[in-house]
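A structural walkthrough
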Amino acid sequence: MRVVISGDSTLPRVLSGIQPTGEPHLGNLLGALRYWVEDQSRGDCFYCVVDLHGLTVAGDASERRTASITMATLLLAAGLDPDVCTLFLQSHVPAHSQLAWIMECTASYGELSRMTQFKDKTAKGGEQASRVGLFTYPCLMAADILAYDADRVPVGDDQRQHLELARDLAQRFNTTYGDTFVVPEAAIAPPGRGARIMNLQDPTRKMSKTTDNPGGVVGLFDSPGDIERKIKRAVTDTEAGPGALRYDRETKPGVSNLLELLGTLRGNDPETVALDYTRYGDLKADVASAVLEVVEPIQQRFREISKDPDYVADVLRSGARSANKVASATLRRAYRAVGLVAAGGTDAIRW
Ligand code: ATP
Ligand code: LTN
C-alpha cells in the first residue's frame, strides 16, 4: 500500500542498495542482483550504490571513487536498464542522510545494539574501536528504503533483521506522527534458492565481500580459470557410497551449498538436483560451467561499458535527478510530520 504516489501508480515501488566495498561476488548476484534485474519490468525500481554506507569501514578516497563507478558499471553489465529503472549513487541524494537523522531519533539504542551484523562486524576489532556509523548504519538503510515509499526490497537473507527494523521504524513513526511512510516488505529468495550463498571454504559462513577466506568467494571479476579452481576446491565432506551426495544443510553444508548454487542457476530445488549425481567431482564440474555461463557474459558487458565512462556518468546523473525528486518530497513530508517548520513558512509560528 502506497501513501504517496509518484511515477507509475500501478506498479509496486522497489528499492535496493549495494555497498561499493570489496569485490562483488556470486552471493550478491544470486541473492540480490538477479532479482533487481527481474523486478525492473514489474516494478517502479530505484537501485543505488550505497557509497555512504561504505564510509563505515576504512578505505582510501581515490579507491572509493573508483569502486563506486565500478559497482555502477557492474550493475549495468548485470542487466539493469536505465531506461526502465533508476540507478544512482546514494550520496547524490541528500535526503538519504537527512532522513537518516529522523530515523536515528526514532530508533532506540537497544534495538540497534541487537543488530547481528553490527555484532559480527565488530567481533574482531571490538565495539569500542568501531565507527559510530557502523552502529547507526541500519537507520541510514531504513532512510534509503522509506525515502522511496518502497513496497518491496529485494535483498539476501542476511538483511532480514535490518528490513524488520525498517518496518518497525516506519510503523512507530506513523503511529506517533500520523501516516507518513509506506511499511516495506522484504523480498528474499525462498530457502535453498540463493538467499544465502555460503563461503566455499567455510560453508558455515556466508560468502561475503569482507572475508578472511577469499579462496571461498567467487568474485564476479575472477578469471574463468580462478572460478573453476575455487569451485573444484570447494569443501565437501568425506562421506562416500550410495546416498552420500544429498541435500542437508545441517550435516552436509559444503555439498548442500553446491547443490543450492546449481539449483538456483537452473531454477530447480537442491533436492532435485542431488538426484542426478553420485560423485562430488561431477557436481563441481557442472556447478563451475553453470556459474561461468552467467558470469562470463556479465564480464564481457562490463568490459564494453567500461570503455564509455561518460555513459555511466550520464546514467548516474539522470538517476540522481529522478531519485532526488521522490526522496526530497518524502523528506518534506517527514519534516512536516515531526513538527519542523518549513523553510520560509510562518504557519507554525504563534506567539
Ligand atoms: P559484506 O559481507 O562485506 O557486508 P556483502 O557481500 O553482504 O558485503 P552488500 O553490499 O552488503 O554485500 O550486499 C548486497 C546484497 O547482496 C544484499 O542484498 C545482500 O543481502 C546480498 N548478499 C550478500 N551476500 C550474500 C550471500 N552470501 N548470499 C546471498 N545474498 C547475499
Ligand atoms: N545494508 C545492506 C546494503 C543496503 C541496502 C539498503 C539494501 C544499504 N541500504 C537499502 C537494501 C535497501 C547490506 O549490507 N547488504
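Here the structure is a predicted model, which means the values were calculated and not measured.

Considerations on the site of ligand 2
In the vicinity of ligand 2, 14 residues are found, and the nearest of them are Gln-19, Tyr-137, Met-141, Asp-144 and Gln-159. The separation between an oxygen atom of ligand 2 and a polar side-chain atom of Tyr-137 is 2.6 Å. Contact between ligand 2 and Gln-159: a nitrogen atom at 3.1 Å from a side-chain N or O atom of the residue. Protein contacts shield 91% of the accessible area of ligand 2, which totals 360 Å² for the unbound molecule. Mapped onto the shell around ligand 2, the elements with two or more residues apiece are strand S1 (13–18) and helix H7 (132–146).

Structural notes on the site of ligand 1
As a structural note, the neighbourhood of ligand 1 is formed by 21 residues, with Lys-121, Asp-158, Lys-206, Ser-208 and Thr-210 the closest of them. Within the side chain of Asn-28, an N or O atom sits 3.0 Å from an oxygen atom of ligand 1. Asp-158 has a polar side-chain atom sitting 2.5 Å from an oxygen atom of ligand 1. Computed on the free molecule, ligand 1 has an accessible area of 600 Å², of which 97% lies beneath the protein chains in the complex. The element contributing the most residues to the shell around ligand 1 is helix H1 (residues 26–39), with four residues. Along the lines of polarity and charge, the residues of the shell around ligand 1 split into six nonpolar, 10 polar and five charged.

Quick notes on the side chain of His-162
Counting through the fold element by element, His-162 comes out in helix H8 (residues 160–177). Contacts of His-162, omitting those with residues within four sequence positions, involve Met-115, Gln-117, Tyr-137, Pro-138 and Met-141.

What about the pattern of salt bridges?
Should the charged atoms of two oppositely charged side chains come close, the side chains can pair. Considering all chains together, one arrives at 20 salt bridges under this definition. The residue Glu-38 makes a salt bridge to Arg-42 at a minimum N-O spacing of 3.6 Å. For Arg-42, a relative accessible area of 46% gives the class partly exposed. Asp-222 is the salt-bridge partner of Lys-230, the closest N and O atoms lying 2.6 Å from each other. For the pair shown, Lys-230 and Asp-222 are each scored as buried. Via salt bridges that share partners, Glu-38, Asp-39, Arg-42 and Arg-152 belong to a single interconnected network.

Notes on the confidence of the model for the chain
Summing up the model confidence of the chain, the mean pLDDT is 93 and the portion of residues at 70 or higher is 95%. Confidence drops under pLDDT 50 across residues 1–7; counting only partners more than four residues distant or on other chains, this segment forms 19 contacts.

Here we look at the packing of aromatic side chains
As enumerated under the stated definition, the model contains eight aromatic pairs in all. Taking the centre distance of 4.7 Å and the plane angle of 5° together, the rings of Trp-36 and Tyr-47 count as stacked. In this pair, Trp-36 is assigned in helix H1 and Tyr-47 in strand S2 (residues 44–49), connecting sequence segments 11 residues apart. Across this residue pair, the class does not change: Trp-36 and Tyr-47 are buried. Plain terms: the ring middles of Phe-118 and Phe-135 are 5.1 Å apart, the flat faces sit at 70° to each other, and that makes the pair edge-to-face. With Phe-118 in helix H6 (residues 116–122) and Phe-135 in helix H7, the pair connects residues that are 17 residues apart, well separated along the chain. Residues Phe-118 and Phe-135 agree in their burial class; the two are buried. Three or more aromatic residues link up through ring pairs in this structure, and these residues are Phe-46, Phe-88 and Tyr-148.

A look at the environment of Tyr-280
Inspection of the secondary structure puts Tyr-280 in helix H12 (residues 280–306). Along the chain, Tyr-280 and Ala-290 lie 10 residues apart, while their C-alpha atoms are 15 Å from each other. A distance of 3.2 Å separates a polar atom in the side chain of Tyr-280 from a polar atom in the side chain of Lys-252.

Observations concerning helix H4 (residues 95–104)
Inspection of H4 places Ala-95, His-96, Leu-99, Ala-100, Ile-102 and Met-103 among the buried residues, and these make up the whole buried set. The arc that holds every buried residue of H4, seen down its axis, measures 160°, which confines them to one face. Contacts made by the buried residues of H4 are with S2, strand S3 (85–89), H7, H8 and helix H13 (309–338).

Remarks on the packing of helix H9 (residues 224–232) against H12
Running from N to C, H9 and H12 cross one another at 150°; their axes reach a closest spacing of 9 Å. Considering their axes alone, H9 and H12 lie roughly antiparallel with respect to each other. When the axes of H9 and H12 are compared, the crossing they make is right-handed. Across the interface between the two elements, Pro-224, Ile-227, Glu-228, Ile-231 and Lys-232 of H9 pack against Lys-284, Val-287, Ala-288, Val-291, Leu-292, Val-295, Glu-296 and Gln-299 of H12. Each residue belonging to the contact of H9 with H12 can be placed in one class, and the counts come to eight nonpolar, one polar and four charged.

What counts as what
Residues numbered from 1 in each chain as written. Chains lettered and ligands numbered in written order. Predicted model: local features only at pLDDT ≥ 70, side-chain atom pairs only at ≥ 80, totals over all residues. Heavy atoms only, no water. Near = heavy atom within 4 Å. Polar contact = N/O pair within 3.5 Å; in protein donor to acceptor, adjacent residues only side chain to side chain. Areas by Shrake-Rupley, 256 points an atom, 1.4 Å probe, with all protein chains shown as cover. Helix = DSSP H or I, 4+ residues; strand = E, 2+ residues; numbered from the N terminus. Nonpolar A, V, L, I, M, F, W, Y, C, P; charged D, E, K, R; others polar. Contact = heavy atoms within 4.5 Å. Salt bridge = Lys/Arg side-chain N within 4 Å of Asp/Glu carboxyl O. Buried < 20%, exposed > 50% of the residue type's maximum accessible area, 1.4 Å probe, protein only. pLDDT = per-residue confidence, 0-100. Phe/Tyr/Trp six-rings, centres within 6.5 Å; stacked < 30°, edge-to-face > 60°. Arc of directions from axis to C-beta. Axes fitted to C-alpha atoms, helices over the stretch in contact; angles between N-to-C directions. Parallel < 35°, antiparallel > 145°, perpendicular 65-115°, else oblique. Left-handed = near helix turned anticlockwise from the far one by under 90°.

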